[in-house]
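# Structural features, examined
The chain contents come next:
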Amino acid sequence: MGEVTLQEVLDAREARAASQRRLLEKFGRPLVGLNMNIAGPVKRSGLIDFAFWEALKALRARLGTALVREELTDAASGLEAILVCGMPAAELKELAMELETARPVGRLLDVDVMGTDGRKLSRGEPRRCLVCGGPAGPCARSRAHGLPAVQAAADRLLRGFAAERLADMAAESLVEEVELTPKPGLVDRRNRGAHRDMDLALFYRSAGSLRPYFRRAAELGMERPDCMAELQAAGLAAESVMLEATGGVNTHKGAVYAFGLVLAAAGSRLVRGGDLFEAAAALAAAGGPPRGDTHGGLARVRYGAGGARGEALAGFPHARRAWEALSRQGAYAALLTLLAEVEDTNLLHRGGAEGLAFVREQAAEILAGPEADYAARLEELDGACIARGLSPGGSADLLALALFLRRLPF
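All figures in this text were calculated on a predicted structure; none of them were measured in a lab.

Conventions used here
Every chain is numbered independently, its residues counted from 1 as its sequence is written. Predicted model: local features are reported for residues with pLDDT of at least 70 only, side-chain atom pairs are reported and counted for 80 or more only, and whole-chain, interface and lining totals are derived from all residues. With hydrogens and water set aside, each side-chain value is computed from the structure's full complement of heavy atoms. Under the DSSP-based scheme used, a helix requires at least four consecutive residues in state H or I and a strand at least two consecutive residues in state E, with every element numbered from the N terminus. In a helix, the anticipated span is given by 1.5 Å times the number of residues less one. Accessible area is worked out with a 1.4 Å probe on protein chains only. A residue is then buried under 20% of its type maximum, exposed over 50%, and partly exposed in between. To be clear, the arc concerns the directions from the helix axis to the C-beta atoms. Throughout, a contact is declared for two residues whenever any of their heavy atoms are within 4.5 Å. The set of buried Ala, Val, Leu, Ile, Met, Phe, Trp, Tyr and Cys residues whose side-chain atoms join them within 4.5 Å is what this entry labels a nonpolar core.

Next up on the list: helix 7 (residues 228-246). Note on helix geometry: an α-helix contains 3.6 residues per turn, so any two residues three or four positions apart are oriented the same way. For helix 7, built from 19 residues, the straight-helix expectation of 27 Å at 1.5 Å per residue is met to within 8% by its first-to-last C-alpha distance of 26 Å. Buried within helix 7 we find Met228, Leu231, Ala234, Gly235, Ala238, Glu239, Met242 and Thr246. On an axial view of helix 7, the arc spanned by its buried residues comes to 155 degrees, and they lie on one face. Opposite its buried face, helix 7 presents the exposed residues Ala229 and Glu244, each directed more than 90 degrees away. As for helix 7, its buried residues are in contact with helix 6 (200-223), helix 8 (253-272) and helix 9 (276-287). Where helix 7 terminates, the next one or two residues include Gly247, which has phi positive at roughly 70 degrees.

Taking 1.5 Å of rise per residue, the 22 residues of helix 1 (residues 6-27) would be expected to cover 32 Å, and the 32 Å separating its terminal C-alpha atoms lies within 8% of that figure. Every buried residue of helix 1 is listed here: Val9, Ala12, Ser19, Gln20, Leu23 and Leu24. Within helix 1, the buried residues cover an arc of 130 degrees as seen down the axis, which keeps them to one side. Facing away from the buried side of helix 1 by over 90 degrees, the exposed positions are Glu14, Arg21, Glu25 and Lys26.

Attention now goes to the side chain of Ser19. If you trace the backbone, Ser19 turns up in helix 1. When residues no more than four places from it in sequence are discounted, the contact partners of Ser19 are Glu71 and Ile82.

A word on the nonpolar core. Formed by 105 residues in total, the largest nonpolar core has its most connected members in Leu166, Phe259, Phe316 and Phe404. One finds Val178, Met198, Leu202 and Phe203 within the second-largest nonpolar core, a separate group that totals seven residues.

Set out below in structure tokens:
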């Protein structure tokens, strides 16, 4: 995004002060103001905005039912939020300081607390310089380090935070997917599905083992858009780590491929902009076809299915459809949408064309019925899939990806 003038920054401050006065007069409660403390004329970027939205999400979670009213400002001078809170100002200040110190990127946050008398509560301790770690005030007044050094330090903090949070979101999405219950033929909180070598605890270990890879995938995308060679190498290493964590059981191999592409594309988008799915598809195209000796690979050869790479080359259309269903109706609708539409190579491997058709037809029928019946009908389908040895693992990976997309603030 472009540069802003000093006058725009001053105008934003005046507008913020006016909003604070109005909200104090109307509600008579303490206020929390959130904005980014960014040096230089560029106040908006993908990375800066990502840090703001994640900080606001964390602030909302900490406030809970104490959040009375929220007002957002989306301007070239920066994103801002003012929150009216039903909590004593002193407690709010403790909460604000916790938010600023919980992660290194908190040094780029301004979380101000204003009491009902209109006065801001002091920090109690000085901000630290991004470059040298000393008190920020003297360094700023003397311009000890120069703007480029300060901007470079801020960029490192923003990139590190984004990679860490994206990895968190990916691992959380894998856990949320496996915990969704019931799921036909898949491991969940109720049973092992059609698997004898997998259970819930194994999936937890697997998801945790992949977190460093998820972070690396996001970092690679931030470093350069054409990172597929490095991403593939990181993915192979991650598979080995996963298999070591699971005792050789393939829990998330498909997710390693799909999440790696989307995380790298997300990292690239935060730094350079562009469309997330186009970037992921370009990476997939640069990678060449995956090995043909996997279950999915054998199904692709035998049945001509597109598989995981076909989904990626098309820009993950089924994951996006599931994301839309997730937003409209919830997780069961997203799962059923995938089961009804995806040419799942795991189902083809286990049950052939007949097994795939059975699951698709059953899912479409359930999806067309009342939402109130989804859970009970999925439980019935689970029993049928277990009896037939069917497990739609490809759909499970895409559901996890849809859950990840829902977590993104862009």
